[in-house]
Amino acid sequence: MSGLYVQLKHHIGAFAVVYGIFLSFGELGPGNCLGLLAAKSGPTATRGQFYGFAAAVGKVGAFAGTWCTSYFSSYYLPY
């Protein structure tokens, strides 16, 4: 979307369509699927624990992804 900023700045309808597409992809991602899986995979008494575990796994994955990306980019990129 930022690559087409100059063109989209003058065409509000096209911007709304592109923004809607990006927003819908964000709503269909793995974060919402983890929350849905945690909410539907157990009884009401343990649902909060399942959702907390799913949130913790997501945060660990975000940390590991960030760390690995910075490590591999510093290892493979010359700058």
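Predicted model only: the values in this text are computed from it and were never measured. (Residues numbered from 1 in each chain as written. Predicted model: local features only at pLDDT ≥ 70, side-chain atom pairs only at ≥ 80, totals over all residues. Heavy atoms only, no water.)

Let us look at the overall build of the chain. Counting its secondary structure elements, the chain contains 4 helices and 0 strands. In sequence order, the chain lays out its α and β elements as α-α-α-α. A total of 79 residues make up the chain; the buried ones form 8% of that total. On the chain, roughly 6,700 Å² of surface is accessible, and the fraction owed to carbon and sulfur atoms is 73%. (Helix = DSSP H or I, 4+ residues; strand = E, 2+ residues; numbered from the N terminus. Buried < 20%, exposed > 50% of the residue type's maximum accessible area, 1.4 Å probe, protein only. Areas by Shrake-Rupley, 256 points an atom, 1.4 Å probe, with all protein chains shown as cover.)

Nonpolar side chains collect at one region of the surface, where Phe63, Trp67, Tyr71, Phe72, Tyr75 and Tyr76 lie side by side and expose about 800 Å² of accessible area between them. Along the chain, Tyr71 falls in helix α4 (residues 44-76). Residue Tyr71 is classed as partly exposed on the basis of its relative accessible area, which comes to 40%. (Patch = residues over 30% accessible without salt bridge, like charges linked within 9 Å, V, L, I, M, F, W, Y side chains within 5 Å. Salt bridge = Lys/Arg side-chain N within 4 Å of Asp/Glu carboxyl O.)

Before going further, it helps to examine the packing of aromatic side chains. Counted according to the given criterion, the structure contains 3 aromatic pairs. An angle of 5° between the planes, with centres 5.6 Å apart, marks the rings of Trp67 and Tyr71 as stacked. Pair noted here: Trp67 and Tyr71 are both in helix α4, with a separation of 4 residues, about one helical turn. Taken together, a centroid distance of 5.3 Å and an interplanar angle of 65° make the contact between Tyr71 and Phe72 edge-to-face. (Phe/Tyr/Trp six-rings, centres within 6.5 Å; stacked < 30°, edge-to-face > 60°.)

Coordinates in, geometry out; function isn't part of it.
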